[in-house]
Amino acid sequence: ALFLGYRVMKRREKRRLSAADVMEAANAEAARDVGSLELLELIGRGRYGSVFRGCLNGQRVAVKVFSSANRKKFLSERSMYRLPLLQQHHNIARFLTSEEKMSTDGHRESLIVMEFYPHGCLSEYLSLHTVDWLTCCRMTHDVTKGLSFLHTELRRGELYKPAVAHRDLTSRNVLVRPDLSCVLAGFGASMKLTSNKPCHPGDNDSMAISEVGTVRYMSPEVLGRGLNLKDCELALKPVDIYALGLLYWESFRRCSDLFPGETVPQYQLAFQEELGNHPRFEDIQVLVVRDKRRPRFPEAWKRNSLAVWSLKETMEECWEQDSEARLTAQCAEQRLAEVTLLSPHTKLDDHSWRSSQPGSVYSE
Ligand code: ADP
Ligand code: MG
Ligand code: MG
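About the thresholds
Residues numbered from 1 in each chain as written. Chains lettered and ligands numbered in written order. Predicted model: local features only at pLDDT ≥ 70, side-chain atom pairs only at ≥ 80, totals over all residues. Heavy atoms only, no water. Buried < 20%, exposed > 50% of the residue type's maximum accessible area, 1.4 Å probe, protein only. Helix = DSSP H or I, 4+ residues; strand = E, 2+ residues; numbered from the N terminus. Contact = heavy atoms within 4.5 Å. Phe/Tyr/Trp six-rings, centres within 6.5 Å; stacked < 30°, edge-to-face > 60°. Lys NZ or Arg CZ within 6 Å of the ring centre and 35° of its normal. Pairing = 2+ DSSP bridges. Axes fitted to C-alpha atoms, helices over the stretch in contact; angles between N-to-C directions. Parallel < 35°, antiparallel > 145°, perpendicular 65-115°, else oblique. Left-handed = near helix turned anticlockwise from the far one by under 90°. Nonpolar A, V, L, I, M, F, W, Y, C, P; charged D, E, K, R; others polar.

Trainee: For helix 2 (residues 71-81), give the residues involved together with the corresponding values.
Mentor: Buried within helix 2 are the following residues: Phe74, Ser76, Glu77, Arg78, Met80 and Tyr81. Structurally, helix 2 contributes buried residues whose contacts are with strand 3 (59-66), strand 4 (95-102), strand 5 (108-115), strand 8 (163-165) and strand 11 (191-193).

Written out as structure tokens, the structure is:
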């Protein structure tokens, strides 16, 4: 009943959008009547929907609009947001409500209304700002905590949350709060996992099991079609972890403390240096599966700081070729917690640190 209609109010900022995009959106939306939900400005284009900054009963919100062609993604994203316990976690995007309605041209449109994150996605934030050590650690730790929670099956009294694979973890599907804490979003491809069960045998979705995700972040087994579909949980969690490793690389490359006395390099997506802005599936396949290449560590990271050493180790253990050798999200979370406590300048051969940290994963 809240959604009597909506309209585009203004489109001042045209960041990230071509004029054509904005016009297209304006033409599509302009004729709507006004209700308590207003769409104010197109702020993002996802793979499945257009995202608007909007206003719901005086509250600033973000509205993701799915066309009828993407209705399955809408249903799937909404069913993820509605899972028990999900909305209580600090590192999952806040879902407010949803609505399905007929557009003026007779097509069904589906809307997800969620909290508005003014900094946008992590990738956007990092392309505009460098971050200091503690901030970078906290942001990546937040992403990891969110993923670790997602991957965990939970029972709290009557409530049951199955383990979930995100399946499209990228720096564009992480949103940044004003205090720079981070949340996971973009659950349109996510899947509930049941241990030791095949991935929906015979289901008409089973083709897609190995074919979702963003090409740039696809793991070797997805690219090589070597995904073991006999055990969904075993197959899909490491796919997320591979992408997490790439996300760490993108983030820490913008960490000012890891480039002492140097300018911090410009933000780059993983493999942007190698393959540019629109890598083709075949090119990523050759690079990642055949040549076993991974993003290159900057020269500055060759100095022997314990923090950098630990970080590189963690990234490498996330993006291992062999999916079974990768860290679990819980383990990555623990690593990030430990790395956060390090000074980025502590030397690797400074043994006083190790002996003063009993129980550390790095002590022998
Ligand atoms: P898709 O799943 O179709 O890729 P996303 O949910 O990832 O769509 O949204 C696309 C983009 O829109 C994001 O990368 C981000 O830049 C922006 N965006 C999405 N949700 C919000 C939000 N709640 N607040 C601010 N920006 C958002
Ligand atoms: Mg997205
Ligand atoms: Mg999405």
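Now that the structure has been shown, the text picks up again.
Trainee: Describe in detail the packing of aromatic side chains, supporting the description with residues and values.
Mentor: As enumerated under the stated definition, the model contains seven aromatic pairs in all. When the centroid spacing of 5.6 Å and the interplanar angle of 15° are considered together, the rings of Tyr81 and Phe95 count as stacked. Here Phe95 lies in strand 4 and Tyr81 lies in helix 2, a separation of 14 residues in the sequence. Summarising the burial analysis for this pair, Tyr81 and Phe95 share the class buried. Taken together, a centroid distance of 6.1 Å and an interplanar angle of 45° make the contact between Phe259 and Trp301 tilted. Here the residue Phe259 occupies a position in the loop between helix 6 (232-252) and helix 7 (272-275), and Trp301 occupies one in the loop between helix 8 (281-290) and helix 9 (306-318), the gap between them amounting to 42 residues. An aromatic cluster of three or more residues is present, and its members are Phe259, Phe297, Trp301 and Trp319. The ring of Phe149 is capped by Lys161, whose NZ or CZ atom sits 5.1 Å from the centre of that ring.

Trainee: Pulling in residues and values, what's your account of unusual backbone geometry?
Mentor: Note on backbone geometry: most residues besides glycine have negative phi, and most peptide bonds are trans. The phi dihedral of Asn57 is positive, around 50°, even though this residue is not glycine. Here Asn57 shows up in the loop between strand 2 (49-56) and strand 3. With a relative accessible area of 51%, Asn57 lands in the exposed category. Phi at Arg167 is positive, roughly 70°, even though this residue is not glycine. Position of Arg167 among the secondary structure elements: in the loop between strand 8 and strand 9 (174-176).

Trainee: Please set out the side chain of His151 residue by residue, giving values where relevant.
Mentor: Along the polypeptide, His151 turns up in helix 4 (residues 133-151). Non-local contacts of His151, meaning those with residues more than four positions away in its chain, are made with Ala163, Val164, Ala165, Lys237, Asp240, Ile241 and Ala329.

Trainee: Can you break down the sheet that holds strand 4 residue by residue, with the values?
Mentor: What the five strands build is an open sheet, ordered 1-2-3-5-4; its pairing is antiparallel. A strand with exactly one partner marks an edge of an open sheet, and here the two such strands are strand 1 (37-45) and strand 4. Neighbour to neighbour, the strand axes of the sheet diverge by 30° on average, direction disregarded. Where strand 4 meets strand 5, seven bridges bridge the pair, whose relative direction is antiparallel. By the bridge assignment for strand 5, Glu99 is matched with Leu111. Sitting on the sheet, helix 2 touches strand 3, strand 4 and strand 5, and the angle it makes with strand 5 is about 30°.

Trainee: A description of the packing of helix 6 against helix 9 should follow, citing residues and the corresponding values.
Mentor: Close contact between helix 6 and helix 9 brings their axes to 7 Å; oriented N to C, the two are set at 150°. Taken together, the axes of helix 6 and helix 9 are roughly antiparallel relative to one another. Regarding helix 6 and helix 9, the two cross each other, and that crossing is left-handed. Contacts from Ile241, Tyr242, Gly245, Tyr248, Trp249 and Phe252 in helix 6 reach Leu311, Thr314, Met315 and Cys318 in helix 9. The class makeup of the residues in the contact of helix 6 with helix 9 is eight nonpolar, two polar and no charged.

Read these as layout, nothing more, since geometry by itself doesn't imply function.
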